[in-house]
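# Observations on the three-dimensional arrangement
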Amino acid sequence: MKKFVAFLMAFALCVACFGTYGFADISDAHNHVVHAVDEDDEPIIPEYLYINQKQTSYTFNELTGTLTLTLVIDSESVAKGKYGVLKVTAPYTLALGKPTVVGGSVFGQLAVTCSTVSTSSSTPSTTATSEVQFTIQTTGDATFSQYAYVEIRYPVDTKSAYAYSWLRQAQVYVSGTVVTDQNSSVGFDPSYSTYSIYICNHANTSYRVAKEATCLTSGVKERYCTVCNYVLDTEPILPTQHDLDYSKPFNQNLYPYVAPTCYSYGSGCFKCKDCESLISGSIPKLDHTFGERILENGVYYYICKVCNTREVATNQCPHDANAYTMLSVLKASTCTTKGTARYQCPTCKQIEERELPLADHTLTSSTITNNPTCTTSGMKTSTCTVCKQIIPEVMPALGHSYGEWTTVTPATCISDGVEARECVRCKVRETRTVNGTGHSYGGWITTVPASCTSLGTEVRTCALCKKTETQTIPLVAHTYGEWITTTPATCVASGVEAHTCVKCAAVETRAIAPIANNHQFSEWQTVVSKTCVTDGEKTRTCALCNTVETEKDACTGHVMGEAITEGKVTTKTCGVCGYKESTKTVKDGIEKTYSSVGGALVVTGTEASKNYAFEIGVPDMQTEAYYREHQNFYKAYTFKVLSDGTKVPMNDSMNLVLKTDATLEDYEISFLVLRDNAFWPVNEFERDDNEVIIPGSELVGADTIFVVRGEESSPNLVVPIIVTIVTLAVAGAAIYFFMIRGKQKNNF
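Residues numbered from 1 in each chain as written. Predicted model: local features only at pLDDT ≥ 70, side-chain atom pairs only at ≥ 80, totals over all residues. Heavy atoms only, no water.

## Observations concerning the overall build of the protein
- On a plain count of helices and strands, the protein comes out with four helices and 51 strands.
- A buried classification covers 27% of the 748 residues belonging to the protein.
- Long-range pairs, those at least 24 residues apart, make up 48% of the contacts in the protein with a sequence separation of at least 6.
- Accessible area of the protein: about 47,300 Å², with a carbon and sulfur share of 53%. (Helix = DSSP H or I, 4+ residues; strand = E, 2+ residues; numbered from the N terminus. Buried < 20%, exposed > 50% of the residue type's maximum accessible area, 1.4 Å probe, protein only. Contact = heavy atoms within 4.5 Å. Areas by Shrake-Rupley, 256 points an atom, 1.4 Å probe, with all protein chains shown as cover.)

See the structure below:
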């Protein structure tokens, strides 16, 4: 028993000396959750993230049938962050469909990008929901800014929304977490995780009385949307005044009745006609009983008939009598008596009665006393049927009544003629001059034909007086032959062509514009030499205008040498650029490896049977400098995979092998990829000294990978400690074994 106790003491001593440090290292190496502490090592309780309700908004566009929801994330309480997720859940109904457009905003270094959009059901229903998930990703040690926002656009079926009012309003739920640089999680405050939206833009609003006010109670009026009937806000309506019955006073012992006048208030106690409450108080003054207005010193006044109070008339219009408008006739006028009518002032609208002028006589049939002639007037008389007065009337002269015009002297082509006509009543004769007819020429007759070098002549003759007229016939056009090139055009100089008249041998020339493509090119010169996998470039220059033509020099492809087989691996090498391609027989088929500058691509499974090519390189300095402003990386690589010359994306059946710099051997390293202009961490990779294997699933959608150098690696004491513990345990067991053997010998 003593020996066993000694063994336990030796083992405990080993653990006490070495185990504590070793196990502490192991614990730290595998502890991925560290709680934040303050200066006194007290845990810090993280504050909540929350949705900023004052800045969050939604907009409904009735024309496009979309509802855009903007959620503002307040991250002021988080000093630094690594990554996070934000989920926005909304009803998926007939009115509010599945989101179609989502987006985010970048504040400082806080990037918000959409990762997934999904629904809990394939068809809309009252219980189905849609979920939009965003990824909150920071770059490096960047700090959160105070705000970031996400924007989600939902399609809206306005027909369903307007048909069922209960589909208009919806609750949107927000959840998610952000991991800080101390690896603690900060979630969204539950009290701010719900947001209400309404499917209407409420562009047309009106007020209505929801509750009438009385003389005892207040009322309520509300502002509502005239389209969807949604109540936006309410306002109180003050109680109405009591409608007192002043004709019957009450409690005259306490409140004696005093009658009002037009210059003083009355008083007493009276009952309200609506609520029948007894109310004591004053009685309003009576209105003045004013008479007609009077004019004094250019000012119009009214005087009360009861108290003689004088007031300046509010209507100081002078009433222009000529501007009045007649409204109606009260009594019609005759030819002997004047009638009356109502007139209104157009300025002040005052109405007054006025006298109408006498009416015209009502005459009987007329009697002619003196007939009129062509040049003198006549006379007739008529009698008024109302006043019997005889009214004389002058008859105007009749004027001449001429017959048709007749020819006295005919007109000719060189002299005027004369026409006459006669009045049928008084035989007065009237004449007029008829203009000459002018010459009546025949058609033009050619006497001398015209040519392309000399004028011609033609003549015409008057058919009445035989007078002739002569005119010149202009030159006729040349009859040219075909155009013939005399000086050809080049790419920089104009040419000349001419044609000749077949009648007079006249020559006409015209310029030929330079011909743009009529170059005189030199032989092709190589500018960029082609390689096995990249095209080259060659140019040639026109000797006349120095125009340069550029053409692609297609690559020849790898010139692979004979295959060399070592065991199960067969390798072929390009004799031009040294590119290697290896295949290896494995259990499930074959495995292909393509090598290039700085790395290699391994393709397995059925994908290995395809004709792949792989290229890897270092970005140019301009690209490197641009991204150094956003991320402090150590080195960067660009890569692409070609299938029969066409670029294809990375997939799960591929692995990328990088040969890292030897200077990184003693440092921790991590990797970032550039995808959609944002940095994403590589979460899975294997490292063996300077060789790193990254699965293709981490590189989907990316074509640039960045190597980030971390802190210098501390010595790994885990293995030595385990070896020491095992050695001491074996030593203790040996001591125990020899002690037992010694005891057995002593027993013998």
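Moving on from the coordinates now.
## Quick word on the state of the cysteines
- Per the counting criterion, the structure on display carries zero disulfides.
- Here Cys-262 is not disulfide-linked; the sulfur of Cys-307 is the nearest cysteine sulfur, at 3.2 Å.
- Looking at Cys-504, it has no disulfide partner, and the nearest cysteine sulfur is the one in Cys-501, 3.6 Å off.
- The partly exposed category is assigned to Cys-504, whose relative accessible area is 27%. (Disulfide = S-S within 2.5 Å.)

## Let's talk about the pattern of salt bridges
- The tally for this structure, following the rule as stated, stands at 16 salt bridges.
- Where Arg-421 meets Glu-430, a salt bridge forms, and the shortest distance between an N and an O atom there is 2.6 Å.
- Owing to a relative accessible area of 22%, Arg-421 belongs among the partly exposed residues under this scheme.
- Overall, the relative accessible area of 27% leaves Glu-430 in the partly exposed class.
- As a salt-bridge pair, Arg-460 and Glu-469 come within 2.7 Å of each other at their nearest N and O atoms.
- Judged by relative accessible area, which is 29%, Glu-469 ranks as partly exposed. (Salt bridge = Lys/Arg side-chain N within 4 Å of Asp/Glu carboxyl O.)

## Quick notes on the sheet that holds strand S34 (residues 507-512)
- Read from one edge to the other, the open sheet built from three strands follows the order S32-S33-S34, with strand pairing classed as antiparallel. In this open sheet, the two edge strands, each paired with only one partner strand, are strand S32 (484-487) and S34. Along the sheet, successive strands turn relative to each other by an average axial angle of 35°, direction set aside.
- Bridge count between S32 and strand S33 (residues 495-500): three bridges; the pairing is antiparallel. When the sheet's bridge partners are listed, Thr-487 is paired in S33 with Val-496. (Pairing = 2+ DSSP bridges. Axes fitted to C-alpha atoms, helices over the stretch in contact; angles between N-to-C directions.)

## Digging into the nonpolar core
- Ranked by size, the top nonpolar core spans 30 residues in total, and within it Leu-86, Val-88, Leu-96, Ile-197 and Ile-199 carry the most contacts.
- Apart from residues no more than four positions distant in its own chain, Ile-199 is found in contact with Phe-60, Leu-67, Ala-95, Leu-96, Val-156, Ala-161, Tyr-162, Leu-167 and Arg-168.
- Counting 28 residues, the second largest nonpolar core, distinct from the first, contains Cys-574, Val-603, Ile-616 and Tyr-637. (Core = buried A, V, L, I, M, F, W, Y, C linked by side-chain atoms within 4.5 Å.)

## A short note on the side chain of Ser-382
- Looking at the element boundaries, Ser-382 is found in strand S24 (residues 378-383).
- Look at Ser-382 and you get buried, because its relative accessible area is 3%.
- Separated by 2.7 Å, the side chains of Ser-382 and Ser-366 make a polar contact.
- With sequence-adjacent residues up to four places away left out, Ser-382 is seen in contact with Leu-363, Thr-364, Ser-365, Ser-366, Gln-389, Ile-390 and Ile-391. (Polar contact = N/O pair within 3.5 Å; in protein donor to acceptor, adjacent residues only side chain to side chain.)

## Some details on the sheet that holds strand S35 (residues 525-528)
- Read from one edge of the open sheet, three strands run S35-S36-S37, paired in antiparallel fashion. Of all the strands in the sheet, the pair left with one neighbour each is S35 and strand S37 (548-553). Each neighbouring strand pair of the sheet contributes to a mean axis angle of 35°, computed without reference to strand direction.
- Two strands pair when backbone bridges link them, and S35 and strand S36 (residues 536-541) are joined in this way by three bridges, in the antiparallel orientation. In the strand pairing of S36, Thr-526 is matched with Lys-538.

## Some thoughts on the packing of aromatic side chains
- In the structure shown here, the tally under the stated rule is five aromatic pairs.
- For the pair Phe-290 and Tyr-302, a centre-to-centre distance of 6.1 Å together with 55° between the ring planes defines the contact as tilted. Residue Phe-290 is found in the loop between strand S16 (278-283) and strand S17 (294-296), and its partner Tyr-302 is found in strand S18 (residues 299-303); the two are separated by 12 residues along the sequence.
- Take Phe-290: its relative accessible area is 28%, and that puts it in the partly exposed class.
- Between Phe-679 and Phe-706 the ring centres are 5.5 Å apart and the planes differ by 70°, which places this aromatic pair in the edge-to-face class. On the criterion of sequence distance, the pair formed by Phe-679 in strand S48 (residues 678-681) and Phe-706 in strand S51 (residues 704-712) is long-range, its members being 27 residues apart.
- Residue class for Phe-679 comes out buried when judged on its relative accessible area of 8%.
- In this structure an aromatic cluster arises from ring pairing among Tyr-246, Tyr-257 and Phe-270.
- Across from the ring centre of Tyr-441, 4.4 Å away, lies the NZ or CZ of Arg-460, which sits over that ring. (Phe/Tyr/Trp six-rings, centres within 6.5 Å; stacked < 30°, edge-to-face > 60°. Lys NZ or Arg CZ within 6 Å of the ring centre and 35° of its normal.)

## Here we look at the pairing of strand S25 (residues 390-395)
- Across six bridges, S24 lies against S25 in antiparallel orientation. Along S25, the bridge assignment pairs Ser-382 with Ile-391.
- Where S24 hands over to S25, the hairpin turn is made up of six residues, of which Lys-388 adopts a positive phi near 65°.

## Observations regarding the environment of Thr-334
- Residue position: Thr-334 is located in the loop between strand S20 (325-331) and strand S21 (340-344).
- Through-space distance from the C-alpha of Thr-334 to that of Cys-387 is 9.6 Å; in sequence the pair is 53 residues apart.

## Overview of a negative patch on the surface
- Taken together, the side chains of Glu-665, Asp-666, Asp-688, Asp-689 and Glu-712 present a region of like negative charge at the surface.
- Within the element layout of this structure, Glu-665 appears in the loop between strand S46 (654-659) and strand S47 (667-675). (Patch = residues over 30% accessible without salt bridge, like charges linked within 9 Å, V, L, I, M, F, W, Y side chains within 5 Å. Lys, Arg positive; Asp, Glu negative; His and termini not counted. Charge placed at Lys NZ, Arg CZ, Asp CG, Glu CD.)

## Things to note about the confidence of the model for the protein
- The share of residues in the protein with pLDDT of 70 or more is 82%, and the mean pLDDT across the chain is 79.
- pLDDT under 50 marks residues 1-39. Its contacts with residues more than four places away, or in other chains, come to 32 contacts.
- Across residues 743-748 the pLDDT falls below 50, and counting only partners more than four positions away or on other chains, this stretch makes zero contacts in the model. (pLDDT = per-residue confidence, 0-100.)

## Looking at the side chain of Ser-333
- Looking at the element boundaries, Ser-333 is found in the loop between S20 and S21.
- At a separation of 2.6 Å, a polar atom in the side chain of Ser-333 contacts the main-chain amide nitrogen of Gly-339.
- A polar contact of 2.8 Å, which involves the side chain of Ser-333, links it to the backbone oxygen of Pro-357.
- Beyond its immediate stretch of four places on either side in the chain, Ser-333 contacts Lys-338, Gly-339, Leu-356, Pro-357, Leu-358 and Ala-359.

## With respect to the environment of Lys-273
- Structurally, Lys-273 can be placed in the loop between strand S15 (266-271) and S16.
- Counting along the chain gives 30 residues from Lys-273 to Asp-243, while the straight-line C-alpha distance between them is 5.6 Å.
- With sequence-adjacent residues up to four places away left out, Lys-273 is seen in contact with Asp-243, Leu-244 and Asp-245.

## So, unusual backbone geometry
- Even without a glycine there, the phi angle at Lys-388 is positive, about 65°.
- Residue placement: Lys-388 occurs in the loop between S24 and S25.
- A positive phi angle, close to 60°, is found at Lys-427, a residue other than glycine.
- Inspection of the secondary structure puts Lys-427 in the loop between strand S27 (417-422) and strand S28 (429-434).

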